[in-house]
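# A structural walkthrough
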Amino acid sequence: MSQENTKIDKESTATMEKIISLCKRRGFIYPGSEIYGGLAGVYDFGPLGFELLKNIKNSWWNSVLYQKENYFPIDSGMFKNPIVWEASGHTQGFSDPLSECRVCNTRIRVDKILESIHVTADEKMSEEEINILFDQNRDKIKCDKCGSKDFTPVKKFNLLVKSNLGDFTSSGSDPVYLPGEACQGIYLNYKNIVDTMHPKIPFGIAQIGKAFRNEIAPRNFLFRQREFEQADTQFFVKPNENKQAYKEIRDDRFNWYTSLGIKPENMRWKQHENLVFYASDAWDIEYNFPWGFDEIEGIHDRTNYDLTQHMEFSKVDLHYIDSGNNEKYIPWILETSMGVARVFLAVLCDAYYEDDLGGELRTVLKLDPSIAPYIACVSPLLKNKQELKDTARDVFMMLKKEFGNVAYDDNGNVGKRYRRQDEIGTPYCIVIDFDTTGSGTDVNPDLKNTVTIRHRDTGAQERVSIDELISFIRGK
Ligand code: GAP
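So, here's what we can say about the structure. (Residues numbered from 1 in each chain as written. Predicted model: local features only at pLDDT ≥ 70, side-chain atom pairs only at ≥ 80, totals over all residues. Heavy atoms only, no water.)

Moving on, we get to the overall build of the protein chain. Scanning the protein chain from terminus to terminus reveals 16 helices and 23 strands. Counting only C-alpha atoms, the protein chain reaches 85 × 65 × 50 Å along its principal axes. Put simply, of all contacts in the protein chain between residues at least 6 apart along the chain, 66% involve residues at least 24 apart. Surface accessibility of the protein chain: about 22,900 Å² in total, with carbon and sulfur atoms responsible for 50%. Of note, the protein chain has its 60 positive side-chain charges centred 3 Å away from the centre of its 72 negative side-chain charges. (Helix = DSSP H or I, 4+ residues; strand = E, 2+ residues; numbered from the N terminus. Contact = heavy atoms within 4.5 Å. Areas by Shrake-Rupley, 256 points an atom, 1.4 Å probe, with all protein chains shown as cover. Lys, Arg positive; Asp, Glu negative; His and termini not counted. Charge placed at Lys NZ, Arg CZ, Asp CG, Glu CD.)

With that settled, consider the environment of glutamate 354. Turning to its location among the elements, glutamate 354 is positioned in strand β17 (residues 352-357). Between the C-alpha atoms of glutamate 354 and proline 202, which are 152 residues apart in sequence, the distance is 47 Å. In this structure the side chain of glutamate 354 is engaged in a polar contact, spanning 2.8 Å, whose partner is the side chain of tyrosine 352. (Polar contact = N/O pair within 3.5 Å; in protein donor to acceptor, adjacent residues only side chain to side chain.)

Counting residues in each nonpolar core, the largest one holds 58 residues, and the members touching the most others are Ile19, Phe28, Trp60, Tyr257, Phe344, Leu345 and Val347. Per-element tally for this core: the top contributor is helix α12 (residues 340-351), with 10 residues. Residues within four places of tryptophan 60 in sequence aside, it is in contact with Leu65, Ala206, Gln207, Ile208, Ala231, Asp232, Thr233, Arg253, Trp256 and Met338. Of all hydrophobic cores here, the second largest spans 20 residues; its members include Ala376, Val395, Phe403 and Ile466. (Core = buried A, V, L, I, M, F, W, Y, C linked by side-chain atoms within 4.5 Å. Buried < 20%, exposed > 50% of the residue type's maximum accessible area, 1.4 Å probe, protein only.)

Reading across the sheet, the five strands line up as β20-β19-β21-β22-β23 and stay open at both edges, with mixed pairing between neighbours. Sheet topology places β20 (406-408) and β23 (461-465) at the edges, where each strand pairs with a single neighbour. Taking each pair of neighbouring strands and ignoring which way they run, the sheet shows an average axis angle of 30°. Sheet topology note: the strand β19 (residues 376-380)/strand β21 (residues 428-432) ladder contains five bridges and is parallel. Bridging across to β21, proline 380 finds its partner in isoleucine 432. Helix α14 (residues 414-424) contacts β19, β20, β21, β22 (450-455) and β23 of the sheet and is inclined by roughly 155° relative to β21. (Pairing = 2+ DSSP bridges. Axes fitted to C-alpha atoms, helices over the stretch in contact; angles between N-to-C directions.)

Together, Met78, Phe79 and Leu165 line one region of the surface with nonpolar side chains, adding up to about 250 Å² of accessible area. Position of methionine 78 among the secondary structure elements: in the loop between β3 (71-73) and α5 (83-87). Of the residues examined, methionine 78 reaches a relative accessible area of 34% and is grouped as partly exposed. (Patch = residues over 30% accessible without salt bridge, like charges linked within 9 Å, V, L, I, M, F, W, Y side chains within 5 Å. Salt bridge = Lys/Arg side-chain N within 4 Å of Asp/Glu carboxyl O.)

Let's shift gears to the state of the cysteines. Counted under the stated rule, the structure contains zero disulfides. With no disulfide of its own, cysteine 104 lies 3.6 Å from the sulfur of cysteine 143, the closest cysteine sulfur. In this structure cysteine 146 is not part of a disulfide, and its nearest cysteine sulfur, from cysteine 101, lies 3.6 Å away. (Disulfide = S-S within 2.5 Å.)

Okay, here's the thing in structure tokens:
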């Protein structure tokens, strides 16, 4: 059975309710602080979520660092000198337009509400301009919760999250911010990388780091959180030598998503129409989530803005000097910035199917084997037969030593185990039976020391010798 003909209409299958329920039920994602009623916009990754997330991040590192020349990894501290956020523009300009329902106090993000009625509120608009736009459309907007149309005037609300790190006065007057974006750690270490690694331009710096935003309306599960991870690369190029590299980086990033198994028809490019004043070009990769296309990664041509700002605010010379011809300049930056949890969610939505396999309806995650939480699950045909259990444990340990992420399951009957593994995306189920051990009557001596491998997507089964199991799985 091919993937195409096992699939029931995508729209009717991967709903957010089903994805959220699967994530909770099978240990991918738990609501943060759940036993205390949760904390809006914060989620925890469970055992299977941890594995899937780790595999996505490893694949990203492989693609942006190990498969490339001249890229350097860093892992910067989360907290930064507060001046960093002034230089970056976050203390002044990092805000969303907020209004509140006067009846039930529900807060709304005005640009998103306007977008839902096809009115564009540019992020560069002043508070006054967005209030005019909001007033013009008030009659079409009502509160999601209580239906009222009575909203407060729009206020621009700064998204930076404050902390009192190192402040023992409890006045809160000198906040140290949590990172509003992870990439500032890269700009701050640009000079360190140049001085210690002596890279030749063009070169890149890559990092995965946490970001915190006081999102007015966290929504769509992992999509808009208040605490999340960003995987960023900043590529430093000679001024005006940006176009070719920018094109290659965009192609590279799109191809990485398809290498994760995401179907290209579920992704699209969106070019920014209203560029911020310093940007030369900006594109987003969008994924077709159950609610429609939405951003998973931004790939932005930022000219020399970031280093110029940090040079001005820190008074430290951030020019690059070409050791060949002594040419001196501030490099331009090509940025890629991806929300790791958004990609996690896109991967789950893309892999989620409900299909009919052999007359039985099942839920299956058709994850690419390279990122599946478990690469295989080993089980004895019967759990009360010691010789089957012993061999199954030996095979399990052999595979575990080789691959690490292997499951062992002897609960219920084999059919139920297959369904459980299908639902979490395990590509191969390996069953040890009497033919494997050669014990009991009616065994086929030719099949001694072979196991059954059952393929997740098709349900097809084949016999493979235990000696060849590792290379068989590696080969897939
Ligand atoms: N340094 C550039 C930057 O931070 P951004 O568009 O604000 O740009 C980059 O964020 C990526 O981070 C987005 O494409 C998205 O995938 C992810 N992201 C942004 N806000 C998020 C949120 N509240 N929750 C989860 N992911 C988010």
